[in-house]
Amino acid sequence: MEINQVMVIGAGQMGSGIAQTAASSGLEVLLYDVEESRAEAGRESIGKRLKKQVEKERMNDADKERIMRRLAVTTSMEKASEADVIIEAAVENMDVKKTIFAQLDAFAPAHAVLATNTSSLSITEIAAETKRPDRVIGMHFMNPVPVMKLVEVIRGLQTSDATHQTVTALAESMQKTPVEVQDYPGFVSNRILMPMINEAVYAVYEGVSTPEEIDSVMTLGMNHPMGPLTLADFIGLDTCLYIMETLQDGFSDPKYRPCPLLKNYVRAGWLGLKSGRGFYQYEGGSS
C-alpha cells in the first residue's frame, strides 16, 4: 500500500518523536492533540530538536525547514479521513485507547491502517472496538523515538498479513528495525525489562544495596548503558508500575507483583525525572 500521509494521535514526547521521525523520512505528517496549545507545543519541540541537529552539523537549515514543512497540526479527529496510516500515541489507558480507535474507525478511509504505540496493552482488545480489526496493529516505538532503532510490530489475533507488511515497510522507511511480536502482555521489551526494574526496586526495598550501587553493578558488571533505577526514573515510576500491574493482571502470575516500594513512590508523587524525584533527585523538578 502506498503511504502518502501519516497521522499521529498525541503530541507528547512519544507522539512528537514519531511525527518527527516520519517527517524526516519524507512523509507528510499530521500531528493531532485535543488542545491546540499542546499540538503546537509538540511541533515546537520537534523544531527545537532539529535545531540541535543543525548546531551539531548533522543536518543543515534547509533540511530542517523541509522537515518542518511536512508537519501540520490539528485538533480535529475528522482529519483522519486524509491519512493512510494513523499511529496513536495517547496515554497508556485501555479505555482512552478504545475511545480513540472507535473515533478513528469512523473517520479514517477504508484502506487506512490503525496502529497503536501501546507498550503493554492488548492489540486484540483494541482492534475489537473497530469494524476493521484486520487493519489494526501495534507499533511500539522506543524512547527517544528519533534515536532508538527498534519498533516492536505487534500482531493482534485479527491482524492481516497485508497490514503487517504495510507497517513493517513503514518502519523500515523511517530507518527503524521492525521486530515481529505476538500479542501478549508487555510484548517482548517490557515483559523482560520491567521485571528487571522491579527486581532492582526490591533490592532497594530489602536493603540489599543502594540505588547508586545497584546501577553500578548493572552498568559496570553487565555492560548496560544505564542502570535499571536510573532507567526507571527516566521512563517514569508511574509508567513502570502500570506496566507491572498489566503484566500481573494479564498472566495472573505472582512473579509480576509490583514491589511495595514502587507503589509507595508513586503514591508520594515521586515519579522520577519528570517530577524531580524518584530513586534520584533532579534539579528543576516539582518534588
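Just so it is clear, the model here is predicted, and its values are computed rather than measured.

**With respect to the side chain of T118**
Okay, so step 1: Within the element layout of this structure, T118 appears in the loop between strand 5 (113–116) and helix 5 (123–127).
Okay, so step 2: The exposure class of T118 is buried, given its relative accessible area of 0%.
Okay, so step 3: Looking at T118, its side chain comes within polar contact range of the side chain of E92, at 2.7 Å.
Okay, so step 4: Ignoring any residue separated from it by four or fewer positions in sequence, one finds T118 in contact with E92, K97, I123, H140 and F187.

**Section: the pairing of strand 8 (residues 177–182)**
Okay, so step 1: Note: strand 7 (residues 150–155) against strand 8, 6 bridges, orientation parallel. Bridge pairing links R155 to Q182 in strand 8.
Okay, so step 2: You can see the chain leave strand 7, run along helix 6 (residues 161–173) and come back into strand 8, and the turn it takes is right-handed.

**A word on a nonpolar patch on the surface**
Okay, so step 1: Residues M226, F234 and L273 make up a contiguous nonpolar surface patch of about 240 Å² in total accessible area.
Okay, so step 2: Judged by relative accessible area, M226 falls into the partly exposed class, the value being 34%.

**So, the sheet that holds strand 3 (residues 71–74)**
Within a sheet, each strand pairs with its neighbour through backbone hydrogen bonds, oriented either parallel or antiparallel.
Okay, so step 1: On the basis of which strands lie adjacent, the open sheet formed by 8 strands has the order 3-2-1-4-5-6-7-8 and mixed pairing. Looking at strand neighbours, the two that pair on one side only are strand 3 and strand 8, the edges of this open sheet. Adjacent strand axes in the sheet meet at a mean angle of 25 degrees, parallel and antiparallel pairs treated alike.
Okay, so step 2: Contacts from helix 4 (residues 94–107) reach strand 1 (5–9), strand 4 (85–88), strand 5 and strand 6 (136–141), with the element oriented near 165 degrees to strand 5.

**As for the pattern of salt bridges**
Okay, so step 1: In this structure the tally under the stated criterion is 12 salt bridges.
Okay, so step 2: D63 is the partner of R66 in a salt bridge, and the nearest nitrogen-oxygen pair spans 2.4 Å. Here R66 pairs with D63, and both are found in helix 3 (residues 61–69), just 3 residues apart, close to one helical turn.
Okay, so step 3: R66 sits in the partly exposed class, given a relative accessible area of 37%.
Okay, so step 4: Exposure remark for D63: the relative accessible area of 27% places this residue in the partly exposed category.
Okay, so step 5: A salt bridge links R155 to E180, with the shortest nitrogen-to-oxygen separation between them at 3.8 Å. Taken together, the residues R155 in strand 7 and E180 in strand 8 connect sequence positions 25 residues apart.
Okay, so step 6: By sharing partners, the salt bridges in this structure join D33, E35 and R38 into a single network.

**What to know about helix 9 (residues 228–235)**
Okay, so step 1: The complete set of buried residues in helix 9 reads P228, L229, L231, A232 and D233.
Okay, so step 2: Summarising the contacts, the buried residues of helix 9 are in contact with helix 7 (189–205), helix 8 (211–221) and helix 10 (237–251).
Okay, so step 3: Just downstream of helix 9, G236 is the residue with a positive phi angle, here 115 degrees.

**Some points on the side chain of K176**
Okay, so step 1: Position of K176 relative to the elements: it lies in the loop between helix 6 and strand 8.
Okay, so step 2: Of the side chains bearing the opposite charge, E172 lies closest to the buried K176, which forms no salt bridge; the N-O distance is 14 Å.
Okay, so step 3: A distance of 2.7 Å separates a polar atom in the side chain of K176 from the backbone oxygen of M148.
Okay, so step 4: Setting aside residues no more than four positions away along its own chain, K176 makes contact with T21, F141, V145, P146, V147, M148, K149, V151 and A171.

**Let's talk about the UniProt feature "domain: 3-hydroxyacyl-CoA dehydrogenase C-terminal" (unreviewed entry) in the protein**
Okay, so step 1: When the UniProt feature table is mapped onto this chain numbering, "domain: 3-hydroxyacyl-CoA dehydrogenase C-terminal" (unreviewed entry) sits at residues 186–282.
Okay, so step 2: Secondary structure content for residues 186–282 is 61% helix and 0% strand, and the end C-alpha separation is 29 Å.

Rules behind the numbers
- Residues numbered from 1 in each chain as written.
- Predicted model: local features only at pLDDT ≥ 70, side-chain atom pairs only at ≥ 80, totals over all residues.
- Heavy atoms only, no water.
- Helix = DSSP H or I, 4+ residues; strand = E, 2+ residues; numbered from the N terminus.
- Buried < 20%, exposed > 50% of the residue type's maximum accessible area, 1.4 Å probe, protein only.
- Polar contact = N/O pair within 3.5 Å; in protein donor to acceptor, adjacent residues only side chain to side chain.
- Contact = heavy atoms within 4.5 Å.
- Pairing = 2+ DSSP bridges.
- Right-handed = clockwise from strand over helix to strand, strands pointing away.
- Patch = residues over 30% accessible without salt bridge, like charges linked within 9 Å, V, L, I, M, F, W, Y side chains within 5 Å.
- Areas by Shrake-Rupley, 256 points an atom, 1.4 Å probe, with all protein chains shown as cover.
- Salt bridge = Lys/Arg side-chain N within 4 Å of Asp/Glu carboxyl O.
- Axes fitted to C-alpha atoms, helices over the stretch in contact; angles between N-to-C directions.
- Lys, Arg positive; Asp, Glu negative; His and termini not counted.
- UniProt positions renumbered as here; feature names shortened; annotations may be inferred.

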